[in-house]
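Below, each chain spelled out in residue letters.
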Amino acid sequence: MTLSRGRDLVAIPGPSVIPDRVLAAMHRAAPSIYEGEIQAITNSVVSDLKRVAKTSGNVALYVGNGHAVWEASLANLVAPGDHVLVLASGNFGRGWANTAERMGIVVELLDFGFRAPPDPQRLEDRLRADSAGKFKAVLAVQVDTASSLIADIPALRAAIDAAGHPALLMADCIACLACDRFDMDTWGVDVALAACQKGLMTPPGVAMTFHNARAEAARMPCASPYWDWGPRIEPELYYHYFCGTAPTHHLYGLHTALEMLLDEEGLEAAWRRHAVLARAVWAALDVWGSEGALEANVADPANRSHAVTTVRTAPGAATRLRNWCDEMAGLTLGIGLCTPDQDRDSLFRIGHMGHLNPPMLLGALGTIEAGLRAIGLPHGTGAGDAA
């Protein structure tokens, strides 16, 4: 028997919970794509996205996901045969590196493993050794959704500057924009990447890059008309925003989501809310792990994201727990993502991002505790009180 007869809860690190207002905004007939409301909404979305990223730079919108803007960011700035330095603390830095290699770019990987964030000193040392300045860019993932590690982006910028290196700093903020603090201009990020399906609370389908004047000056002719920033940031005609037909209904939804985030809650308040909810998850996890084989993948809370928490369990227990929560209670937890030398069945992830409040999160934690009992996994009690 399953008790899942109400509204299921998706507690994965994206797609996140979609607000009813966003769904309602998208539930309409197709608009004219030649004039009128959709063009005004697109202009508003572009302006609001710059507010979220805290930048005065340019925004390029794509019909795509995070992998799309990995490629778009490189296609405009890095030619085949150029060198980039990629920082990896989990899976997604490696994924971006793989994209670069497939594009003919020469990649050097600084791998910090699965449980430690990028080390700014190692970055500075490597760049100091690059006396010829061969690295055109440093690629860093702010939050790796596999490991739940958060990188100290300002410290990485400081390391590049201390080395006196001309490399651009490119930051993947796909997992955490509007969840973890990000300030593109103040932090000195040259290129940032994001997508709409996580902290921006909209179904997957729209991704975006942000770039500053320094990156604009470094922009090269783009071989692909689809990835080319030029028409997207200075469109002569409306369809140039998307190199074709606009994702009209995603724009309606994203416009509403940004209104909720910026004009109703406020970005600072959203960051604080995510911090509070993350600490509730960590408090519960500390209790569970006090008498059993559960622990946060990231030991130091200072290195944990406020958007997602990766949990380590006894061998095979994570998959059994996820299956019970899904089948019996309608709670979907994130699968384990890891390198081949690790056991994905011993990892699960709790997404706590976007449209989320205490009843939703405490309900998820209570369901997880019920699941721990049901599968017979030893754990400490009192996690709900701690949360």
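Details of the structure are given in the entry above.
Quick look at the structure, then.

Conventions and cut-offs
Residues numbered from 1 in each chain as written. Predicted model: local features only at pLDDT ≥ 70, side-chain atom pairs only at ≥ 80, totals over all residues. Heavy atoms only, no water. Salt bridge = Lys/Arg side-chain N within 4 Å of Asp/Glu carboxyl O. Helix = DSSP H or I, 4+ residues; strand = E, 2+ residues; numbered from the N terminus. Buried < 20%, exposed > 50% of the residue type's maximum accessible area, 1.4 Å probe, protein only. Contact = heavy atoms within 4.5 Å. Pairing = 2+ DSSP bridges. Axes fitted to C-alpha atoms, helices over the stretch in contact; angles between N-to-C directions. Core = buried A, V, L, I, M, F, W, Y, C linked by side-chain atoms within 4.5 Å. Arc of directions from axis to C-beta. Polar contact = N/O pair within 3.5 Å; in protein donor to acceptor, adjacent residues only side chain to side chain.

## Quick notes on the pattern of salt bridges
Under the counting rule described, the total for this entry stands at 19 salt bridges. Of the charged contacts in the structure, one is a salt bridge between R7 and D20, with a shortest N-O distance of 3.5 Å. One end of the pair, R7, is in the segment before β1 (9–11); the other, D20, is in helix α1 (residues 20–26), and 13 residues separate them in sequence. A relative accessible area of 46% means that D20 is categorised as partly exposed.

## Quick notes on the side chain of T99
Of note, T99 is situated in helix α4 (residues 92–102). The residues contacting T99, other than those within four sequence positions of it, are W70, E71 and L74.

## Some points on the sheet that holds strand β7 (residues 191–195)
Across the sheet, seven strands lie side by side as β2-β8-β7-β6-β5-β3-β4; this open sheet has mixed pairing. Each of the sheet's edge strands pairs with one partner strand only, and the pair in question is β2 (58–63) and β4 (106–111). Here the average twist between neighbouring strands, direction ignored, is 20 degrees. Strands in contact with helix α3 (residues 66–75) are β2, β5 (135–141), β6 (168–172), β7 and β8 (206–211); relative to β7, the strand with the most contacts, it is inclined by about 160 degrees.

## Considering the nonpolar core
Nonpolar side chains in soluble globular proteins tend to end up buried together. With 64 residues, the main nonpolar core has L200, M208 and F210 as its most contacted residues. Ranked by the residues each element gives to this core, the list is headed by helix α10 (residues 248–265), at eight residues. Those residues in contact with F210, other than ones at most four positions away along the chain, are L49, K50, A53, T55, N58, V59, L177, M184, D190, V191, A192 and A194. Counting 32 residues, the second-largest nonpolar core is a separate cluster that includes A296, V311, C325 and L356.

## Observations regarding helix α5 (residues 120–129)
Residues three or four positions apart in an α-helix share a direction because the helix packs 3.6 residues into each turn. Among the residues of α5, those classed as buried are L123, E124 and L127. Looking straight down α5, one finds its buried side chains confined to an arc of 100 degrees; they lie on one side. N-capping of α5 is provided by D119, with a side-chain oxygen placed 3.0 Å from the backbone N of Q121.

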